[in-house]
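Okay, here's what each chain looks like letter by letter:
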Amino acid sequence: MALKSTHGPFDGSMSIVYECPTCSVQTAMLTNRAETQMVRSLGVRIGGRTTPEEPMETLRSNLASVQEESPEGPPSGTGGKCPFTGMVNDAIGAAESEPKKPVWTAEALARIEAIPHYIRPMVKRNVESYAREQGYLEIDEDVMDAVRGSLGM
Amino acid sequence: MSGKGGVGKSTVTACLADGLTRLGVRTGVLDADLNGPCMARMMGVRDHKPSPKNGAMIAARNAYGVPVMSMDMFLPEDETPLVWEASSQQGAYTWRSMVEMSALRELLSDTDWGDLDVLLIDLPPGAERLQNLADLLPDLTGAIVVSTASQTAMTVVSRSILMALNVANVRIAGVVENMSTMICSECRCKEQMFIGTEAVEELAERHGVPYLGAIPFNVTLADFLETGRSYIEVHAGHPAANAILDVAQRVHFWLKNQSK
């Protein structure tokens, strides 16, 4: 089987599609959102790590809002021997380091400002992640509505 | 621990840190209440920004040298609730307790406490909290139970003592009666706060655990705990300061007996 494509990560889940080079049969692997969060909450780094462990790594990397002057969150650390987890980490890393950040319209920004401050950064990241996933270069109120819809809200 | 909220676990923790320090015991304080942390404020280190050094996070030192670690120091503002990063907060019950246990483990083990004789851990309300802590710390020396003389509090506290002794298998250093009386800051007259004199002593006796003493409510003491200052140092000789020192001495005595 050869890697065909990856989709996501979006909303905590992503899929990886493999294809048989001979008969073209495809197999997809899907990460489950709840399981992904559970594994994350345990401090497990999928695929192992290449960076040294940092003190209070799980605590700092899992907080939705942190002290502005606190030390930076610990590096994510990729690596390991499993090709599947390597692909997951690469895809997540690629998604997180996407250079083209969508631009927020004034109306969308006003709407995000109405969200409680302690959860605002997380919501903003999720909307931006959705916009990148869908290929939007601009985040307006329609995009925000679409995110709400995708979350079943 | 107490199992009951509002009996003054954090107040007693701060008082004990003050008292034990005066007795020359090197004491640290860990705030294990992740969702309602207050020890950083009560110990006067709320503005401390934790920073890593040599692979550990340096604990804040308060005005009289007690190292303190609290979730509060990682949250940007006093009123910021603890929210864990997740793609969705829906279904968070499936993983929240897991991430909180990981966080508590890190607060305990990833902190550079310096040289300590005693680490006081301020638990949140809930009878199961001690058991969770005992899972993380199998060598936990013991638990200090805090109660008021309120019948409601004592019922919950009684349940927690049984839980500690029979389920978590944690030794109990004794019971501290908090807010036993109110001492007037002006004339030092005492007023009973709850009906039931000696009720907490009887509670301790019923469970076969020591009664460690009573800490009165005092407006000045409460004010000192709002700002993290040493009450005992400034108000030496005051009945409230003496009461705190008495409790600290009994705790110290119990601890010394455990290490023999």
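So, a few notes on the structure that sits alongside this text. (Residues numbered from 1 in each chain as written. Chains lettered and ligands numbered in written order. Predicted model: local features only at pLDDT ≥ 70, side-chain atom pairs only at ≥ 80, totals over all residues. Heavy atoms only, no water.)

1. Some thoughts on the overall build of chain B
What counts here: Numbered from the N terminus, helices here are DSSP runs of H or I no shorter than four residues, and strands are runs of E no shorter than two. Note on contacts: a residue pair qualifies if any of its non-hydrogen atoms lie within 4.5 Å across the two residues.
In terms of helices and strands, chain B carries nine helices and eleven strands. Relative to all contacts within chain B whose residues are 6 or more apart in sequence, the contacts with residues 24 or more apart total 74%.

2. Looking at a nonpolar patch on the surface
Put simply, the rule is: Residues enter patches when they are more than 30% accessible in relative terms and free of salt bridges; like-charged ones are connected within 9 Å and nonpolar ones (Val, Leu, Ile, Met, Phe, Trp, Tyr) within 5 Å. Reported accessibility uses the Shrake-Rupley method at a 1.4 Å probe radius. Residues are deemed covered only where the shown protein chains occlude them. Any carboxyl oxygen of Asp or Glu that lies within 4 Å of a side-chain nitrogen of Lys or Arg is treated as forming a salt bridge with it.
A cluster of nonpolar side chains, contributed by A:Leu42, A:Val44 and B:Met98, occupies part of the molecular surface with about 240 Å² of accessible area. Checked against the element boundaries, A:Leu42 lands in the loop between α1 (33–41) and α2 (57–62).

3. Digging into the environment of B:Ala63
Summarising the element assignment, B:Ala63 is placed in the loop between β4 (60–61) and β5 (67–69). Along the primary structure B:Ala63 and B:Val45 are separated by 18 residues, whereas in three dimensions their C-alpha atoms are 8.5 Å apart.

4. A look at the side chain of B:Thr13
Along the chain, B:Thr13 falls in helix α1 (residues 9–22). Filtering out sequence-adjacent residues up to four positions away, B:Thr13 remains in contact with B:Val29, B:Met39, B:Leu120 and B:Asp122.

5. Examining the side chain of B:Ser147
Summarising the element assignment, B:Ser147 is placed in strand β8 (residues 143–147). In contact with B:Ser147, not counting residues within four places along its chain, are B:Val7, B:Ala153, B:Met154, B:Val157, B:Val175, B:Val176, B:Glu177, B:Asn178 and B:Leu203.

6. What about the interface of chain B and chain A?
This is how it is decided: When two parts are put together, the accessible area they lose, computed with a 1.4 Å probe and summed over both, is reported as buried area. Polar contacts, as used here, are pairs of N or O atoms within 3.5 Å; protein pairs need one atom able to donate a hydrogen and one able to accept it. Residues neighboring in sequence count only if both atoms are side-chain atoms. Polarity classes work like this: nonpolar for Ala, Val, Leu, Ile, Met, Phe, Trp, Tyr, Cys and Pro, charged for Asp, Glu, Lys and Arg, and polar for all others, with Gly in that last group.
Each side of the interface is counted separately: chain B has 38 residues, and chain A has 32 residues. When the two sides are added together, the surface that chain B and chain A hide from each other amounts to roughly 3,000 Å², 62% of it contributed by carbon and sulfur. In this assembly, chain B and chain A are joined by zero salt bridges. Here chain B and chain A share four residue pairs in polar contact (both at pLDDT 80 or more) between them. Looking at the side of chain B that touches chain A, the elements with two or more residues in it are β3 (56–58) and α3 (96–109) of chain B. For the side of chain B that touches chain A, the per-class residue count stands at 20 nonpolar, eleven polar and seven charged.

7. Quick notes on the pairing of strand β1 (residues 27–31) of chain B
Residues and elements named next belong to chain B. Rules: The rule is simple: take the accessible area with a 1.4 Å probe, protein chains only, and divide by the maximum for that residue type; under 20% is buried, over 50% is exposed, in between is partly exposed. Here, a strand pair is defined by DSSP locating no fewer than two bridges between the strands.
The buried count for β1 comes to five of five residues, which makes it a mostly enclosed element. Burial along β1 is two-sided: Thr27, Val29 and Asp31 and Gly28 and Leu30, pointing in opposite directions, are all buried. The pairing of β1 with strand β7 (residues 118–122) spans five bridges and is classified as parallel. Residue Gly28 lies in a different strand from β7, and its bridge partner there is Leu119. Here two bridges tie β1 to β5, and the two strands are oriented parallel to one another. Within β5, the position partnered with Val29 by the bridge is Val68.

8. A look at helix α5 (residues 151–167) of chain B
Residues and elements named next belong to chain B. What counts, and what does not: One less than the residue count of a helix, multiplied by 1.5 Å, gives the span that helix is expected to have.
Between its first and last C-alpha atoms α5 spans 23 Å; for 17 residues at 1.5 Å apiece the expected length is 24 Å, and the two agree. The inward-facing, buried residues of α5 abut α4 (129–136), β8, β9 (172–183) and α6 (199–207). Asn169 sits one or two residues past α5 and shows a positive phi near 55°.

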